[in-house]
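Observations on chain architecture
Chain by chain, the residues:
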Amino acid sequence: RGHELGTGFLSPYLWSGRGIEPYASLGIVPQQHAAVRPALERMWGTGRKNSAEHQQTEDMVRASVQEFLVDRKKNGLSVDMPGDVMAWVHQLLYKKAFKRDVTLM
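Residues numbered from 1 in each chain as written. Predicted model: local features only at pLDDT ≥ 70, side-chain atom pairs only at ≥ 80, totals over all residues. Heavy atoms only, no water.

**Quick word on the confidence of the model for the chain**
Atomic detail in the predicted coordinates should be set aside for any region of low pLDDT. Here the chain averages 80 in pLDDT, while 76% of its residues score no lower than 70. Here helix α1 (residues 2–9) is the element of the chain with the lowest mean pLDDT, 54, and helix α4 (residues 52–74) is the one with the highest, 92. (pLDDT = per-residue confidence, 0-100. Helix = DSSP H or I, 4+ residues; strand = E, 2+ residues; numbered from the N terminus.)

Dropping the structure here:
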């Protein structure tokens, strides 16, 4: 998941003016990581392989990718890297964590 560090989560464009310091979590000690990890796994994890949650997450990601690409093509748009993909990833993570759809439009 390293691509998210470089193009998304640590992008100054995404966080500027929002009072959020994304670099702060990179310096946490192992005990802090152990305390935070279970919550992050519950929010964004895919569940155990072959579980219903895993299948639902996989289906959601596949449908979202297809919808994203069909929408870009239908509207005569190309996929802007990394901007469009970063926005799509954040929308997908939001949907996974909060069970709600968001769009940029």
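**Side note on helix α3 (residues 30–44)**
The end-to-end C-alpha distance of α3 is 20 Å, a good match for the 21 Å that 15 residues give at a rise of 1.5 Å each. Along its length, α3 shows its largest kink, about 35°, at V36, and proline P38 lies within four residues downstream of that point. (Expected span 1.5 Å × (residues − 1). Bend = angle between axes of the 7 residues up to and from the residue.)

**What about the pattern of salt bridges?**
Using the criterion set out here, one finds 5 salt bridges in the structure. With its nearest N and O atoms 3.2 Å apart, the salt bridge here joins K96 to E53. Of this pair, K96 sits in helix α5 (residues 83–98) while E53 sits in helix α4; the two residues are 43 residues apart in sequence, bridging distant segments of the chain. Residue K96 is classed as buried on the basis of its relative accessible area of 9%. (Salt bridge = Lys/Arg side-chain N within 4 Å of Asp/Glu carboxyl O. Buried < 20%, exposed > 50% of the residue type's maximum accessible area, 1.4 Å probe, protein only.)

**Here we look at a nonpolar patch on the surface**
A cluster of nonpolar side chains, namely V65, L69, V79 and M81, defines an oily patch on the protein surface of about 330 Å² accessible area. Its location among the elements puts L69 in helix α4. By relative accessible area, L69 is classed as partly exposed at 43%. (Patch = residues over 30% accessible without salt bridge, like charges linked within 9 Å, V, L, I, M, F, W, Y side chains within 5 Å. Areas by Shrake-Rupley, 256 points an atom, 1.4 Å probe, with all protein chains shown as cover.)

**Let's talk about unusual backbone geometry**
Non-glycine residue N50 carries a positive phi angle of around 75°. Of note, N50 is situated in the loop between α3 and α4.

**Concerning α4**
Taking 1.5 Å of rise per residue, 23 residues should cover 33 Å, and α4 covers 32 Å from first to last C-alpha, within 8% of that figure. Three or more residues of α4 are buried, namely H54, T57, M60, S64, F68 and R72. Looking one or two residues beyond α4, the residue adopting positive phi is G76, at roughly 65°.

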